[in-house]
Amino acid sequence: MKITHTATELRQALKNQTNIAFVPTMGNLHAGHIHLVEVAKQHAQCVVVSIFVNPLQFSVNEDLATYPRTLVADCEKLKAVDATIVFAPTVAEMYPDFDGDQLNQTMTITPPPIANALCGASRPGHFSGVATVVLKLFNMVMPQVAVFGQKDFQQLFIIKQLVKQFNLPIKIIGVDTVRETSGLAMSSRNGYLSSAHRKQANQLNLALQHIVTQIKSSTPQNNNLDFQQLENEASARLEIQGWVVDYFSIKSALTLDSASSTDVRLVVLAAAKLGNTRLIDNIEFLR
Ligand code: PAF
């Protein structure tokens, strides 16, 4: 496995590769990331994994400074799973004109309005930062296939739009969320949870499952379910358990618009805080 830090080193390492699968990450790798690498290996002989904590996707009051940076341990895990190349650039390599404080001369992508809903509503600029770094990484790696986790459903949706709207010849693969046995979705931010909060963190997934069960037991034709009411009840239940809910939302999985009673492919998404830790999760399902 080659470890590269600059675009030049990466290009050199990729010189003879024609079939590349790419897994972008921010490091602090857990079993969910490793699963993405395993899926990538099914699609190409050469698997590139990037590790870059992208300052553009953090708001000023977020955890950019404290986000766990564990490059040595990450590389050991990637070697064990037989990744081909690690790309771990510096901020200066990715953003030559970024002064560390504001965007200034950095060219960025304005994603479609869906980027301002759900996570984008409380994280302004987040998806512009994600789309910008992913486009830059795609330009550097030039993969045929790129693999993303479904846990970040809205991110995956926006990246599919990016690829379509910028005419990129890259196949985007969404991979099912890897969960702990409790149902808690694996996330680097789970490491922030106190042991008491960790024990109750699966409540987010249980609340999503409860909504899915309620919707599945109704039918689109014979629908008297009030989605707004389901969302409000789920939020209230979590709040009683000590969560601060950012959103709880039932959407069309195809458009991410509010779900209508005739939509069959749905996704229920939630973001909520336990203490200072913001967790997200979702379940996509057919009615
Ligand atoms: O999902 C992530 O870890 C990040 O948002 C990504 C896609 C690597 C871009 O920084």
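Being a predicted model, the structure only gives us computed values, none of them experimental.

Visitor: Any chance you could explain the site of the ligand here in plain terms?
Guide: In the vicinity of the ligand, the residues found are Pro24, Thr25, Met26, Asn54, Gln57, Val133, Phe148 and Gln155. Take glutamine 155: an N or O atom from its side chain is 2.7 Å from an oxygen atom of the ligand. Alone, the ligand offers 290 Å² of accessible surface; in the complex the protein occludes 88% of this. Along the lines of polarity and charge, the residues of the shell around the ligand split into four nonpolar, four polar and no charged.

Visitor: Please explain the sheet that holds strand 7 (residues 244-252) as it appears in this structure.
Guide: Backbone-to-backbone hydrogen bonds join strands into a sheet, with any given pair of strands oriented parallel or antiparallel. Read from one edge to the other, the open sheet built from three strands follows the order 7-8-9, with strand pairing classed as antiparallel. Two strands bound the open sheet, and with one partner strand each, they are strand 7 and strand 9 (277-286). This sheet shows a mean twist of 10 degrees between the axes of neighbouring strands, independent of strand direction. Relative to strand 8 (residues 265-274), strand 7 is paired through eight bridges, and the arrangement is antiparallel.

Visitor: How should the packing of helix 6 (residues 126-141) against helix 7 (residues 153-165) be read in this particular structure?
Guide: Where helix 6 meets helix 7, the closest approach of the two axes is 10 Å, and the angle between their N-to-C directions is 50 degrees. In terms of orientation, helix 6 and helix 7 fall into the oblique class. Two packed elements cross with a definite hand, and for helix 6 against helix 7 that hand is right-handed. When helix 6 is examined against helix 7, the residues Phe127, Val130, Ala131, Val134, Leu135 and Phe138 are found in contact with a partner set consisting of Gln154, Gln155, Ile158, Ile159, Leu162 and Val163.

Visitor: Just to check I follow, could you spell out the pairing of strand 6 (residues 171-175) for this structure?
Guide: Look at any regular strand and the pattern is simple: side chains alternate between the two faces of the sheet. Where strand 5 (residues 145-149) meets strand 6, five bridges bridge the pair, whose relative direction is parallel. Paired with valine 147 across the strands is isoleucine 173, a residue of strand 6.

Visitor: Hey, could you run me through helix 2 (residues 31-41) in this one?
Guide: Turn by turn, an α-helix covers 3.6 residues, leaving residues three or four places apart pointing in a common direction. Among all positions in helix 2, only Gly32, His33, Ile34, Leu36, Val37, Val39 and Ala40 are buried. The inward-facing, buried residues of helix 2 contact strand 2 (20-25), strand 3 (46-51), helix 3 (71-80), strand 5 and strand 6.

Visitor: What is the right way to look at the side chain of arginine 123 in this model?
Guide: Along the chain, arginine 123 turns up in the loop between helix 5 (119-122) and helix 6. Sequence-distant contacts of arginine 123, defined by excluding residues within four places in its chain, comprise Gln57, Ser59, Glu62, Arg189 and Arg278.

About the cut-offs
Residues numbered from 1 in each chain as written. Predicted model: local features only at pLDDT ≥ 70, side-chain atom pairs only at ≥ 80, totals over all residues. Heavy atoms only, no water. Near = heavy atom within 4 Å. Polar contact = N/O pair within 3.5 Å; in protein donor to acceptor, adjacent residues only side chain to side chain. Areas by Shrake-Rupley, 256 points an atom, 1.4 Å probe, with all protein chains shown as cover. Nonpolar A, V, L, I, M, F, W, Y, C, P; charged D, E, K, R; others polar. Pairing = 2+ DSSP bridges. Helix = DSSP H or I, 4+ residues; strand = E, 2+ residues; numbered from the N terminus. Axes fitted to C-alpha atoms, helices over the stretch in contact; angles between N-to-C directions. Parallel < 35°, antiparallel > 145°, perpendicular 65-115°, else oblique. Left-handed = near helix turned anticlockwise from the far one by under 90°. Contact = heavy atoms within 4.5 Å. Buried < 20%, exposed > 50% of the residue type's maximum accessible area, 1.4 Å probe, protein only.

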